[in-house]
Amino acid sequence: MLEIKNLSFRVEDENGETDILKNLSLTIADHKFVVITGPNGGGKTTLAKAVMGITAPTGGTILWNGTDITHMPVTERARLGVSYGFQQPPRFKGIKVRDLLELASGNEALSHEEGCQYLTRVGLCANDYIDREVDASLSGGELKRIEIATILARKTGLMIFDEPEAGIDLWSFAKLTDTFRRLQENRRSTLLIISHQERIIDLADEIVMISDGSVAQHGPKDEIFPKILANTVTGCTYMREGDVQ
Amino acid sequence: MSESRNMVDSELLFQIANMKETPKGAYNIRKNSQLDGRQSSRNIEISTKTDRSGIDIRIKPGTKGESVHIPVIITESGVEELVYNDFFVGEGADVDIIAGCGIHNDGHQRSQHDGVHTFYVGKNAKVRYSEKHYGEGEGTGERIMNPQTIVYLEEGASIQMDTTQIRGVDSTARYTKVQAGKNADVVITEKLLTHGEQFAESKMEILLNGEGSKAQIVSRSVAQDQSKQVFYPQVEGNAACFGHVQCDAILMGRAKITAIPAISANDMDAQLIHEAAIGRIAGDQIIKLMTLGLTEEEAEEKILNGFLQ
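Residues numbered from 1 in each chain as written. Chains lettered and ligands numbered in written order. Predicted model: local features only at pLDDT ≥ 70, side-chain atom pairs only at ≥ 80, totals over all residues.

## Some remarks on the overall build of chain A
Each helix and strand counted, chain A has 10 helices and 10 strands in total. Computed over C-alpha atoms, the radius of gyration of chain A comes to 19 Å, within 12% of the 18 Å expected from 2.2 N^0.38 for 245 residues, which places it in the range of a compact globule. The dimensions of chain A, computed from C-alpha atoms along their principal axes, are 55 × 45 × 40 Å. Looking at chain A as a whole, 42% of its 245 residues qualify as buried. Look at the contacts in chain A between residues 6 or more apart in sequence, and 67% of them connect residues 24 or more apart. (Helix = DSSP H or I, 4+ residues; strand = E, 2+ residues; numbered from the N terminus. Rg over C-alpha atoms; globule rule 2.2 N^0.38 Å. Buried ≥ 20, exposed ≤ 12 C-beta atoms within 10 Å, placed from the backbone. Contact = placed C-beta atoms within 7 Å.)

So, in structure tokens, the structure goes:
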């Protein structure tokens, strides 16, 4: 179980202090498929990075399976079963896709077949990619799918994906949706997916709507999804004004 | 192998030439400025120079799939040598040449190997040349290597040079000069890691003289601690040719790196490109590997190993 209690993150900039997360509390039960959504700049990525340990919160606590991980280094959290797929993954000169999958799976002798399976699940033709370097020769969408494959290879208790759909073409996205559906059906991990994609939101058990650093809504998909859809148009003043004109 | 070889020698030979046993085919092993083992083959003849220190390696035209190992090891402190090795590669040959120098210095005097390798690569011949430099030992004596590689490529000839210096060499000044004829092809991959107070300089002059000649130069280096590196890769296009120079360097600690790539075109149809980048390891690379369960140190090592692979 993931328990986030009163989490806050405050930054200082030229305008003074800004609260990115404001006493945010959220509990996610084991093996749930939870989609986090909400407007840009609302604090979703900061929350995900705080859970992984990449961003240090200025207040509050994070418990994973009862262990307080709030101030634990990234490496230790990773070893406790927390995974995070970057929204913008880094590139590495000289490191091959196979190397990343081996590191991710924790198996230095990862078989060719197993490595290829992870790539196939993100819609990449495995033989074309397994020995390629994770460098600037890959497009943004290819890099993103390799990033997702590394999270699949980790098979950890908590998998966080940060906008997995970003930069991915429609055809590959269909394959990715299938993969997420299978993860949802298998129920072996808790999935926390930051997404704005209807087809991913549709797979969710629960939806968390984060806005302005707090949880605006949290509940079963069937209850929250219609509210979000209704809000998308009428909640925006600018668009309402546009309608009048 | 010769009776005089011990554990230190074997380790050095393994490090520089991946040799665990006597290599197949032609070889020449030099130890502490003395000949320590030699074998010629039917197509590759190795002979001692009569006018100065060094050897001649003559590869018959059409020789295919053979290799020559010519490692040099220095295990005594205070050995300083200058050696000339000339390679005559016959027309249409296709061979692997494995060179390398290992210095084990436990003493207080400097050990230095300066090697001048000259390649005369005949028409349509192909050479793959690998050279590893490695130093070890507990002594305060410096380990110095100054290699010079001069290559003449005839029409349609090619050379692929992989040079590596990973740790242990206190000071190095490399000089590489290639003259490429019509449709000749040169690929150079240089890898370098310096640490402590080490200094490394690499100067290259690639002259693309023949129509259709090509050069691809890739330099990857890592400078750690207080070490210093300087690169001067130069490509000159004197005909319709293609040249690409790429210098990539990672800076760590308080190290310093200078890269001065130069391209000169003396022909309307010369196409030359250079790229140079120096920077520290990106923070998000380290964090990404930490999210896969590596410690910060393990992540750094993985990134460097990949970069220099």
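Let us keep going from here.
## Focus on the overall build of chain B
From N to C terminus, chain B includes 3 helices and 20 strands. Computed over its C-alpha atoms, the radius of gyration of chain B comes to 20 Å, within 12% of the 19 Å expected for a compact globule of 309 residues. In terms of overall dimensions, chain B has a C-alpha envelope of 60 × 55 × 35 Å along the principal axes. Looking at chain B as a whole, 44% of its 309 residues are labelled buried. Restricting to contacts in chain B with at least 6 residues of sequence separation, those with at least 24 account for 81%.

## Thoughts on the packing of helix 3 (residues 97–105) of chain A against helix 6 (residues 140–154) of chain A
All names here are of chain A. Contact geometry for helix 3 and helix 6: axes closest at 7 Å, N-to-C directions at 30°. In this view, helix 3 runs roughly parallel relative to helix 6, as classed from their interaxial angle. When you trace helix 3 past helix 6, the crossing you get is right-handed. Side by side, helix 3 and helix 6 meet where Val97, Leu100, Leu101, Ala104 and Ser105 of the first sit next to Ile146, Ala149, Thr150, Ala153 and Arg154 of the second. (Axes fitted to C-alpha atoms, helices over the stretch in contact; angles between N-to-C directions. Parallel < 35°, antiparallel > 145°, perpendicular 65-115°, else oblique. Left-handed = near helix turned anticlockwise from the far one by under 90°.)

## Topic: the sheet that holds strand 4 (residues 59–64) of chain A
All names here are of chain A. Across the sheet, which stays open at both edges, the 4 strands sit in the order 2-1-4-5 with antiparallel pairing between neighbours. Unpaired on one side and paired on the other, strand 2 (16–28) and strand 5 (67–68) mark the two borders of the sheet. The pairing of strand 1 (residues 2–13) with strand 2 spans 9 bridges and is classified as antiparallel. Within strand 2, the position partnered with Glu3 by the bridge is Thr27. Packing against the sheet, helix 1 (residues 44–52) makes contact with strand 1, strand 2 and strand 4, and its axis sits at approximately 65° to strand 2. (Pairing = 2+ DSSP bridges.)

## A closer look at the interface of chain B and chain A
Listed per partner, the contact involves 17 residues of chain B and 21 residues of chain A. Looking at the side of chain B that touches chain A, the elements that each hand over two or more residues are helix 2 (283–290) and helix 3 (296–307) of chain B. A per-element tally of the side of chain B that touches chain A places helix 2 of chain B first, with 6 residues. A per-class count over the side of chain B that touches chain A returns 8 nonpolar, 6 polar and 3 charged. (Nonpolar A, V, L, I, M, F, W, Y, C, P; charged D, E, K, R; others polar.)

## Focus on the packing of helix 2 of chain B against helix 3 of chain B
Residues and elements named next belong to chain B. One can describe the packing of helix 2 onto helix 3 by two numbers: an axis separation of 9 Å at closest approach and a directional angle of 115°. For helix 2 against helix 3, the interelement crossing comes out right-handed. Contacts from Gln285, Ile286, Leu289 and Met290 in helix 2 reach Glu296, Ala299, Glu300, Lys302 and Ile303 in helix 3. For the contact of helix 2 with helix 3, the class distribution of residues is 5 nonpolar, 1 polar and 3 charged.

Structural measurements only, silent on function.
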